[in-house]
Amino acid sequence: GQCDLTLNGHDEGVNALCVVGYGRVASGSGDKTIMIWNTEIGKCDLKLTGHSDWVNALCVVGYGRLASGSGDNAIKIWNTE
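Residues numbered from 1 in each chain as written. Predicted model: local features only at pLDDT ≥ 70, side-chain atom pairs only at ≥ 80, totals over all residues. Heavy atoms only, no water.

Moving on, we get to the overall build of the protein. Broken down by element type, the protein carries 0 helices and 7 strands. When the helices and strands of the protein are read in sequence order from the N terminus, they spell out β-β-β-β-β-β-β. Computed over C-alpha atoms, the radius of gyration of the protein comes to 12 Å, within 12% of the 12 Å expected from 2.2 N^0.38 for 81 residues, which places it in the range of a compact globule. Across its three principal directions, the C-alpha atoms of the protein cover 35 × 30 × 20 Å. Relative to its full complement of 81 residues, the protein shows a buried share of 38%. Intrachain contacts of the protein at a sequence separation of at least 6 include 29% that bridge at least 24 residues. Of the roughly 4,900 Å² that the protein leaves accessible, carbon and sulfur atoms contribute 49%. Taking the 6 positively charged and 9 negatively charged side chains of the protein as two groups, their mean positions are separated by 6 Å. (Helix = DSSP H or I, 4+ residues; strand = E, 2+ residues; numbered from the N terminus. Rg over C-alpha atoms; globule rule 2.2 N^0.38 Å. Buried < 20%, exposed > 50% of the residue type's maximum accessible area, 1.4 Å probe, protein only. Contact = heavy atoms within 4.5 Å. Areas by Shrake-Rupley, 256 points an atom, 1.4 Å probe, with all protein chains shown as cover. Lys, Arg positive; Asp, Glu negative; His and termini not counted. Charge placed at Lys NZ, Arg CZ, Asp CG, Glu CD.)

Printed below as a string of structure tokens:
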């Protein structure tokens with residue numbers, strides 16, 4: 001196969017990915033941010049900031065909600081709508 005789309009925008013490596021809905025993917029990075037991507041158009045819809053260390057884990061916890069885990073010893077719950 002071949003790559004259909006490349007999403008660029010983080011300032012450091014991507015450590016975690018999670019599908020958050022049809023045509024949407026969340027990425028967590030060493031730049032301490034989470035980006036919610038629209039994979040239909042290849043653009044970032046939302047950038048979440050608040051962790052003070054790398055984002056290492058992402059998980060959907062309900063419609064429009066995302067949990068993130070970080071090296072800052074915190075789990076945060078985000079509204080992605």
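Okay, back to it.
With that settled, consider empty space enclosed by the protein. Evaluated as defined, the whole model comprises 1 cavity of 30 Å³ or more. Computed from the structure, the largest cavity encloses a volume of approximately 40 Å³. Lining of the largest cavity is provided by V20, R24, V60, G62, G64, R65, L66, T80 and E81. Residue assignment for the lining of the largest cavity shows that the elements contributing at least two residues are β5 (55-62) and β6 (65-70). For the lining of the largest cavity, the per-class residue count stands at 3 nonpolar, 3 polar and 3 charged. (1 Å grid on protein atoms, 1.4 Å probe; cavity = no way out; pocket = protein on both sides within 12 Å on 5 of 7 lines; lining within 4 Å. Points joined across faces, edges and corners; volume = space filled by probe spheres on them. Nonpolar A, V, L, I, M, F, W, Y, C, P; charged D, E, K, R; others polar.)

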